[in-house]
Amino acid sequence: MWDDAFPSFLIGLREGLEAGLVVSVLVATLVRAGARSRLPQVWTGVLAAIALSMSFGAVLTFTAASLPTTAQEAFGGALSIVAVAFVTAMVFWMRRSARSLASALKGKVTEALTMGAGVLVLTSFLAVGREGLETALFLWTTARAAHESAGPLTGAGAGLVLAALLCWGLYRRVLRIDLTRFFTVTGAALVVIAAGVLGYGLRDLQEGAVLPGGTAYAFDLSGSVDAGSWYGTLLQGVLNLTPAMTWLQVAGYAGYLAVVMALFVRGGGGGGGTPEDPSRGHADASADRPTGPAPTRTRRLLPVAVVAVPALLAGLVVALADPEPAAGETVAVSETACGQGFTAPEPGRQDFRMHNTGTQTSEVYLIDPSSHAVYGEIEGLAPGTTRDLVVTVAGGTYAWRCVPADGRAVTSKAVRVDGAARAHAVAPVSAQDLAAPLKAYKAYVNRGLATLVTRTGRLSDDIRAGHLDTARTDWLTAHRTYASLGAAYGTFEDFDRKIDGRPDGLPDGVHDKDFTGFHRIEYGLWHGESAAGLKDVAQRLADDAAGLRKAFPHQDFDPSDLPLRAHEILENTLRFELTGDTDQGSGTGLATAEADLAGTHELLTVLGPLLTLRAPKLLPTVDADSTRLRRLLDSGHHGAGWTPVDRLDPAVKARIDGAAGQLLEDLAPVPDLLEIRKSA
């Protein structure tokens, strides 16, 4: 956890020492001036600053959590840039001010003593509040970069405690620290850490679609650098250097480091020295002319108020950041009327209560009547039932379309909502839209099946001739050919079970007579079975491949299967190939997974025009993450062999699973984007 804790430890130590020195000087000055009665005013200001800082942290956390994923990335990236700016300014300010800090504060205290309690509270509040807000912001950004809060919070806590102890030692004159040198060393370290935060923030802005170049990688060492190793963890946790970085990240990181570090080093004159000891010196006692203590009730209520007010304001901001959907109207739908009771809603999240008053189950869509694009939908709304549909309404035109199970579609009157922002709607897809992609993909499958017939025939010849070493090589080539046709599995009917079936559930397992195809031959080839014992099985596989090639042009390929398969192929890959579940001894799960990835790529190629129209940024993201997964899979390829899944280094296995999971997340919207919706 230290790798994630160190940046926060450093900021906690440095900011805590800055704030602590301020408080020490204020307290020492009041004590020397004989104005101990004014100390509660200092602590009230400090308490208010702490309350404000913690409230600010809560606002950041809960505001970000209430945003959509893309908006969270943009919000976090923007605040990372702000945090870098604050930290940079703080580093240079403290380097200039360390030597004169005490004398400057003493002057302010002297002025405050002559002007009343409020000014002294404000002086301590402003002095500590700046450091507190910077700490909250930087801690939030480092916790976000680490994807967990325990390490950063622990590091910051340790840094603040150590800073408090150092300040106490300085105040009691039991310690002497060269503070100028201290702030110089820690400042240089923070410049390096801030460069990493800047790079991370730029990546967030790219993922949030604010900045371009999210798929333009300067380097991607995911396949060769172990991110889970001690050095990988250290580089990522402390410096925010990751195995894969975009050109913008690299340029921002290197540019900031080169410019800021050069300015920091160049501006370092003046030598060492310790700022004035806060316990030394005597302020003019005559400056202490208190007008008398504040009334008892006021003194008690002030600390409560300075804590309660920021907390209440933070709670209000959090509440407003994630409002509940507005209690929308009840909208009646039926096979004869649609959208009864629908009026123009207010912009924002709306909860429509859809009630089916008819006698048929209906599909219900909230649409843009000019383009028929869909804002939201309810599938299968049964007669007499009510279901909620929550959608975000912005500027645009809205209408309801009801499509009963047996009847014509009915569309409500259109209403107009004024607003600068435009709501996102998905253009509808018809079976006709998918006709061309389906034709192209069927042609791809036909070509693949022709190749499969050739390669299974060669495999059968190898086994018949007793060339089992050659058969093992040709088995993998043929099996990868079949795996690359993944989007058509549901169309192959019984042929898929014969060609690529597993022994799971068969009474006699791998020895069952119904266990045939690639995995039966795999078991025999890698478990010492003779060529004579495998000859018939291999010939049957070749015959089944030829039968599938002949049958496929006449099989029913549902066009709606194409969008579903875009996600399901890799879902099965993660479930079976990358767990070793299908492995019958060859250890080639990674090779099959790579073929599955190739099949997914081909499918996305034919669906590309439809997807680009509806989600322009989807395919570039998918392509980048596909490339990363392919490189990770290739890292297990050594000459003619592959590393079995169960022998992968745990860190490598975790990276592969993570990359596959990320790609699945990328592909998750495809079925919804290209779903065939009823229109009549």
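Structural notes, computed from the coordinates. (Residues numbered from 1 in each chain as written. Predicted model: local features only at pLDDT ≥ 70, side-chain atom pairs only at ≥ 80, totals over all residues. Heavy atoms only, no water.)

### So, helix H12 (residues 468-483)
The terminal C-alpha atoms of H12, which comprises 16 residues, lie 22 Å apart, in line with the 22 Å expected from a rise of 1.5 Å per residue. Residues of H12 that are buried: Leu468, Ala471, Asp474, Trp475, Leu476, Ala478, His479, Thr481, Tyr482 and Ala483. As for H12, its buried residues are in contact with helix H11 (435-464), helix H13 (494-500), helix H14 (518-525), helix H15 (531-551), helix H17 (589-614) and strand E13 (641-642). (Helix = DSSP H or I, 4+ residues; strand = E, 2+ residues; numbered from the N terminus. Expected span 1.5 Å × (residues − 1). Buried < 20%, exposed > 50% of the residue type's maximum accessible area, 1.4 Å probe, protein only. Contact = heavy atoms within 4.5 Å.)

### A short note on the side chain of Arg401
Inspection of the secondary structure puts Arg401 in strand E9 (residues 396-404). It is Asp368 that comes nearest to the buried, bridge-free Arg401 among opposite-charge side chains, at 9.9 Å. Here His372 takes part through its side chain, which lies 3.4 Å from a polar atom of the side chain of Arg401. Here Thr411 takes part through its side chain, which lies 3.1 Å from a polar atom of the side chain of Arg401. (Lys, Arg positive; Asp, Glu negative; His and termini not counted. Salt bridge = Lys/Arg side-chain N within 4 Å of Asp/Glu carboxyl O. Polar contact = N/O pair within 3.5 Å; in protein donor to acceptor, adjacent residues only side chain to side chain.)

### Overview of the environment of His467
Mapping His467 onto the fold places it in the loop between H11 and H12. As for His467 and Ala531, which are separated by 64 residues in sequence, their C-alpha atoms are 8.0 Å apart.

### Considering the packing of H11 against H12
Orientation of H11 relative to H12, taken along the N-to-C sense of each, is 165°, at an axis distance of 9 Å. By the angle class used here, H11 and H12 are roughly antiparallel. With respect to the hand of their crossing, H11 and H12 are arranged in left-handed fashion. Residues Gly448, Thr451, Leu452, Arg455, Thr456, Arg458, Leu459, Asp462 and Ile463 of H11 form the contact with H12, whose participating residues are Leu468, Thr470, Ala471, Asp474, Trp475, Thr477, Ala478, Thr481 and Tyr482. Taken together, the residues that form the contact of H11 with H12 break down as eight nonpolar, six polar and four charged. (Axes fitted to C-alpha atoms, helices over the stretch in contact; angles between N-to-C directions. Parallel < 35°, antiparallel > 145°, perpendicular 65-115°, else oblique. Left-handed = near helix turned anticlockwise from the far one by under 90°. Nonpolar A, V, L, I, M, F, W, Y, C, P; charged D, E, K, R; others polar.)

### Points about a negative patch on the surface
On the surface, a cluster of negative charge is contributed by Glu493, Asp494, Asp556 and Asp558. The topology assignment puts Glu493 in the loop between H12 and H13. Judged by its relative accessible area of 54%, Glu493 falls in the exposed class. (Patch = residues over 30% accessible without salt bridge, like charges linked within 9 Å, V, L, I, M, F, W, Y side chains within 5 Å. Areas by Shrake-Rupley, 256 points an atom, 1.4 Å probe, with all protein chains shown as cover. Charge placed at Lys NZ, Arg CZ, Asp CG, Glu CD.)

### Side note on the state of the cysteines
Considering all chains together, one arrives at one disulfide under this definition. The partner cysteine of Cys338 in its disulfide is Cys402, sulfur to sulfur 1.9 Å. On the sign convention where negative is left-handed, the bridge of Cys338 and Cys402, at about 70° about the S-S bond, is right-handed. Remark: Cys402 occurs in strand E9 and Cys338 occurs in strand E4 (residues 338-340); sequence separation between them is 64 residues. For the pair shown, Cys338 and Cys402 are each scored as buried. (Disulfide = S-S within 2.5 Å.)

### Quick word on the pattern of salt bridges
This structure, assessed with the given rule, holds eleven salt bridges. Across the pair Asp504 and Arg502 runs a salt bridge, and its minimum N-O distance is 3.6 Å. A relative accessible area of 48% means that Asp504 is categorised as partly exposed. Where Lys653 meets Asp657, a salt bridge forms, and the shortest distance between an N and an O atom there is 2.6 Å. Of the two residues, Lys653 and Asp657 both sit in helix H19 (residues 650-667), four residues apart, roughly one turn of that helix. Of the residues examined, Asp657 reaches a relative accessible area of 25% and is grouped as partly exposed. Members of the salt-bridge network, linked through shared partners, are Arg502, Asp504 and Asp581.

### A look at the packing of aromatic side chains
Tallying each qualifying case throughout the model produces twelve aromatic pairs. Feature note: the residues Tyr441, Tyr444, Trp475, Tyr482, Phe492, Phe518, Trp526, Phe552 and Phe557 constitute an aromatic cluster, connected by ring pairs. Directly above the ring of Phe495 sits Lys498, whose terminal nitrogen or CZ lies 5.3 Å from the centroid. When the ring centre of Phe576 is taken as origin, the NZ or CZ atom of Arg502, which lies over that ring, is 4.2 Å away. (Phe/Tyr/Trp six-rings, centres within 6.5 Å; stacked < 30°, edge-to-face > 60°. Lys NZ or Arg CZ within 6 Å of the ring centre and 35° of its normal.)

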